[in-house]
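Chain by chain, the residues:
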Amino acid sequence: MKGRNEALQSFVDAAFTAFNEFAQGPESRQSIQKLFSALDIPGTPASRAGSRLPACSNLDSALGVEAGHASLARLVDRFRQIEPSVEWRRRSSNKTASDNFVDGHANAMILGPGGLEQRTDIWLGATLLAPNVRYPDHDHSPEEVYLVLSEGEFRQGEGEWFSPGIGGSFYNVPNIKHAMRSLDNPLFAFWALCTDKAA
Ligand SMILES: [Fe+2]
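The shown structure was predicted, so the numbers you read here are calculated from the model rather than taken from an experiment.

### Looking at unusual backbone geometry
Of note in this structure, N132 is not a glycine but carries a positive phi near 55°. As for its placement among the helices and strands, N132 is situated in the loop between β5 (122-129) and β6 (143-148).

### Observations regarding the nonpolar core
Soluble globular proteins tend to pack their nonpolar side chains together in the buried interior. Among the nonpolar cores identified, the biggest contains 44 residues, and F11, F19, F79, W88, L124, F188 and F190 are the most heavily contacted of them. Contributing elements (two or more residues each) for this core: α1 (6-22), α2 (25-38), α3 (59-62), α4 (70-82), β3 (105-111), β5, β6 and β10 (187-194). For this core, the element with the highest residue contribution is α1, accounting for eight residues. Membership of the second largest hydrophobic core comes to 16 residues, among which are F101, L187, A189 and W191.

### Comments concerning α2
Residues lying three or four places apart along an α-helix face the same way, a consequence of the helix completing one turn every 3.6 residues. An ideal rise of 1.5 Å per residue puts 20 Å on 14 residues; α2 measures up with 20 Å between its terminal C-alpha atoms. Looking at the buried residues of α2, the elements they touch are α1, β5, β6, β8 (169-172) and β10.

### Quick notes on the pattern of salt bridges
Overall, the coordinates contain 14 salt bridges when judged by the stated rule. As a salt-bridge pair, R78 and D77 come within 2.7 Å of each other at their nearest N and O atoms. With a closest N to O distance of 3.7 Å, E158 and R155 form a salt bridge.

### Brief notes about the packing of α1 against α4
Helix-helix packing: each pair is described by the crossing angle between the helix axes and the interaxial distance. Put simply, α1 and α4 touch, their axes get as near as 9 Å, and they point 150° apart. Considered as vectors, α1 and α4 are oriented roughly antiparallel to each other. For the pair α1 and α4, the crossing hand works out as left-handed. The segment α1 lies against α4, with A7, L8, S10, F11, A14, A15, T17, A18, E21 and F22 engaging S71, L72, R74, L75, R78, F79 and I82.

### Details of the layout of surface pockets
What the largest pocket holds in volume is close to 310 Å³. Lining the largest pocket are 20 residues; nearest its centre among them are R91, N107, W123, Y135 and W191. Residue assignment for the lining of the largest pocket shows that the elements contributing at least two residues are β3, β5, β6 and β10. Looking at side-chain class alone, the lining of the largest pocket contains nine nonpolar, five polar and six charged residues. Broken down by class, the residue content of the lining of the second largest pocket amounts to six nonpolar, four polar and three charged.

About the thresholds
Residues numbered from 1 in each chain as written. Predicted model: local features only at pLDDT ≥ 70, side-chain atom pairs only at ≥ 80, totals over all residues. Heavy atoms only, no water. Helix = DSSP H or I, 4+ residues; strand = E, 2+ residues; numbered from the N terminus. Core = buried A, V, L, I, M, F, W, Y, C linked by side-chain atoms within 4.5 Å. Buried < 20%, exposed > 50% of the residue type's maximum accessible area, 1.4 Å probe, protein only. Expected span 1.5 Å × (residues − 1). Contact = heavy atoms within 4.5 Å. Salt bridge = Lys/Arg side-chain N within 4 Å of Asp/Glu carboxyl O. Axes fitted to C-alpha atoms, helices over the stretch in contact; angles between N-to-C directions. Parallel < 35°, antiparallel > 145°, perpendicular 65-115°, else oblique. Left-handed = near helix turned anticlockwise from the far one by under 90°. 1 Å grid on protein atoms, 1.4 Å probe; cavity = no way out; pocket = protein on both sides within 12 Å on 5 of 7 lines; lining within 4 Å. Points joined across faces, edges and corners; volume = space filled by probe spheres on them. Nonpolar A, V, L, I, M, F, W, Y, C, P; charged D, E, K, R; others polar.

Here is the structure:
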């Protein structure tokens with residue numbers, strides 16, 4: 001078995017604690033247990049140079065987690081340790097996105113395809129939005145659990161926009177259409193998906 005470097009393992013441990021603490025409902029909890037038990041087996045380490053996008057100028061203000069949320073503060077700290085190695089990327093857009101989406105967003109795959117640990121069974125990453133950016137509607141077959149670290153709104157299917165708040169967590173059933181949008185402050189959220197594909 002290949003190892004996982006200390007900084008990344010420390011991030012995974014902090015992510016498990018925080019996702020597990022804030023998960024809502026049995027589907028989320030089950031998904032998180034499955035996901036993090038899969039992560040007990042490290043994937044293939046990928047050494048990356050790390051690269052940022054224009055939206056990353058919002059990172060510091062997006063990650064201003066309130067005092068009192070110890071597990072979230074730890075998760076943010078561990079994320080900051082590995083962030084210099086992360087390659088922030090843009091995703092494809094569509095007509096549901098705001099006009100400022102291209103330079104107003106950045107996605108980081110931490111564990112998964114293109115991540116710091118190459119694997120296909122799990123995708124664990126983060127999205128950062130500059131203020132007043134609407135992310136495009138999208139869907140995917142893996143179920144997904146979000147853990148939100150900032151203000152901002154989310155939408156599932158044709159439902160109303162909702163604000164999970166800092167530490168808010170919710171579950172996306174497979175293939176549901178979903179989106180997010182920032183208001184006057186940047187948005188930052190972690191997402192975790194189980195693909196059921198071999199690692
Ligand atoms: Fe998603």
